[in-house]
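One letter stands for each residue in the lines below.
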Amino acid sequence: MNTSSASKGFTLIELLVVISIIGLLSSVVLASLGTARTKGRVSAIKGSMYQMRTQMGLYYNVYGSYGNIVNCSTGGFLDGGSQAILSKIASDGATSIGCGSNQPSGTNDTEWSLYVTLPGGGGNWCVDASGKLKTTTDETPSDGLCD
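Predicted, not measured: the structure shown is a model, and the values here were computed from it.

Q: I keep staring at the overall build of the protein and nothing clicks. Help me out?
A: The helix and strand inventory of the protein stands at two helices and four strands. Scanning the protein from its N terminus toward the C terminus, one meets helices and strands in the order α-α-β-β-β-β. Sorting the 147 residues of the protein into buried and exposed places 30% on the buried side. Look at the contacts in the protein between residues 6 or more apart in sequence, and 51% of them connect residues 24 or more apart. Of the roughly 8900 Å² that the protein leaves accessible, carbon and sulfur atoms contribute 60%.

As structure tokens, then:
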């Protein structure tokens, strides 16, 4: 006669251990996903700044100067293409956007710079008329060039 009782299924302890392992793994994945998302936003901003350098070069070729760059957030960059790029940079999460030129207000600029503070503590990023595209410590280059 067979008197052993073989139980089928899992115990409550075994189920709790499996659930806790799944929870731990999902929290690790979600944490790394947030970092990847921030890196993606930073890359998008840098790409847009590269586009701005090209856009301003095209503007200079047509008009012979960079226009009157006074304030990038209120139309300092004159053409619609530049404004669209600035809007994209802002929507990608740049925490501050600024621009500089080497001429006083009301005159046509021969140098320009655009600088942003990157999200996630990524520092400051700058692009200018000389073709520089780099990390900078200067948050507000007033001479129109990235230092």
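Picking up after the structure, the text goes on.
Q: Looking at this structure, I do not really get the confidence of the model for the protein. What am I missing?
A: The predicted coordinates ought not to be read in detail in places where the model reports low pLDDT. Overall, the prediction assigns the protein a mean pLDDT of 80, with 78% of residues at 70 or greater. In the model of the protein, strand 1 (residues 96-101) stands out as the element of lowest mean pLDDT, 78, in contrast to helix 1 (residues 12-63), which has the highest, 89.

Q: Looking at this structure, how should I read the nonpolar core?
A: Ranked by internal contacts, the top residues of the largest apolar core, which has 17 residues, are I45, M49, M52, I89, W112, L114 and V116. Within the residue set of this core, elements represented by two or more residues are helix 1, helix 2 (80-91), strand 2 (112-117) and strand 3 (124-128). With five residues, helix 1 is the single largest residue contributor to this core. The residues contacting V116, other than those within four sequence positions of it, are I45, M49, I89, A94, S96, I97, G123, N124 and W125.

Q: What exactly am I supposed to notice about the pairing of strand 3 here?
A: Looking along a regular strand, one sees side chains alternate from face to face of the sheet. Across the five residues of strand 3, five count as buried, placing the element largely inside the fold. In this structure, strand 2 lies alongside strand 3, joined through five bridges in antiparallel fashion. Residue pairing for strand 3: Y115 is matched across the bridge by C126. Hairpin connection, strand 2 to strand 3: the antiparallel pair is bridged by six residues, and G120 has positive phi, about 70°. Bridging between strand 3 and strand 4 (residues 133-136) involves four bridges; their strand directions are antiparallel. Residue pairing for strand 4: N124 is matched across the bridge by T136. Hairpin connection between strand 3 and strand 4: a loop of four residues separates the two successive antiparallel strands, and G131 in this loop has a positive phi of roughly 100°.

Q: Just checking my understanding: could you explain the sheet that holds strand 1 for this structure?
A: Working definition: the strands of a sheet are paired by backbone hydrogen bonds and lie parallel or antiparallel to each other. Strand order across the open sheet formed by four strands is 1-2-3-4, with antiparallel pairing between neighbours. Every other strand in the sheet has two partners, leaving strand 1 and strand 4 as the edge strands with one partner each. Across this sheet, the average inter-strand angle for adjacent strands is 25°, counted without regard to direction.

Q: Help me understand the environment of G67, please; the structure alone is not making it clear to me.
A: With respect to the element layout, G67 can be found in the loop between helix 1 and helix 2. Along the backbone, G67 and M56 are 11 residues apart, and their C-alpha atoms lie at a distance of 9.7 Å.

Q: Would you mind showing me how to read the packing of aromatic side chains here?
A: The geometry of an aromatic ring pair is captured by two quantities: the separation of the ring centres and the angle between the planes. Tallied over the entire structure, the rule returns one aromatic pair. Here Y59 and Y63 contribute two aromatic rings whose centre-to-centre distance is 4.6 Å and whose plane-to-plane angle is 40°, an arrangement assigned as tilted. Remark: Y63 and Y59 occur in helix 1; sequence separation between them is four residues, near one turn of the helix. Taking the relative accessible area as the measure of exposure, Y59 reaches 11% and is therefore buried. Look at Y63 and you get exposed, because its relative accessible area is 57%. The ring of W125 is capped by K46, whose NZ or CZ atom sits 4.1 Å from the centre of that ring.

The rules behind the values
- Residues numbered from 1 in each chain as written.
- Predicted model: local features only at pLDDT ≥ 70, side-chain atom pairs only at ≥ 80, totals over all residues.
- Heavy atoms only, no water.
- Helix = DSSP H or I, 4+ residues; strand = E, 2+ residues; numbered from the N terminus.
- Buried < 20%, exposed > 50% of the residue type's maximum accessible area, 1.4 Å probe, protein only.
- Contact = heavy atoms within 4.5 Å.
- Areas by Shrake-Rupley, 256 points an atom, 1.4 Å probe, with all protein chains shown as cover.
- pLDDT = per-residue confidence, 0-100.
- Core = buried A, V, L, I, M, F, W, Y, C linked by side-chain atoms within 4.5 Å.
- Pairing = 2+ DSSP bridges.
- Axes fitted to C-alpha atoms, helices over the stretch in contact; angles between N-to-C directions.
- Phe/Tyr/Trp six-rings, centres within 6.5 Å; stacked < 30°, edge-to-face > 60°.
- Lys NZ or Arg CZ within 6 Å of the ring centre and 35° of its normal.

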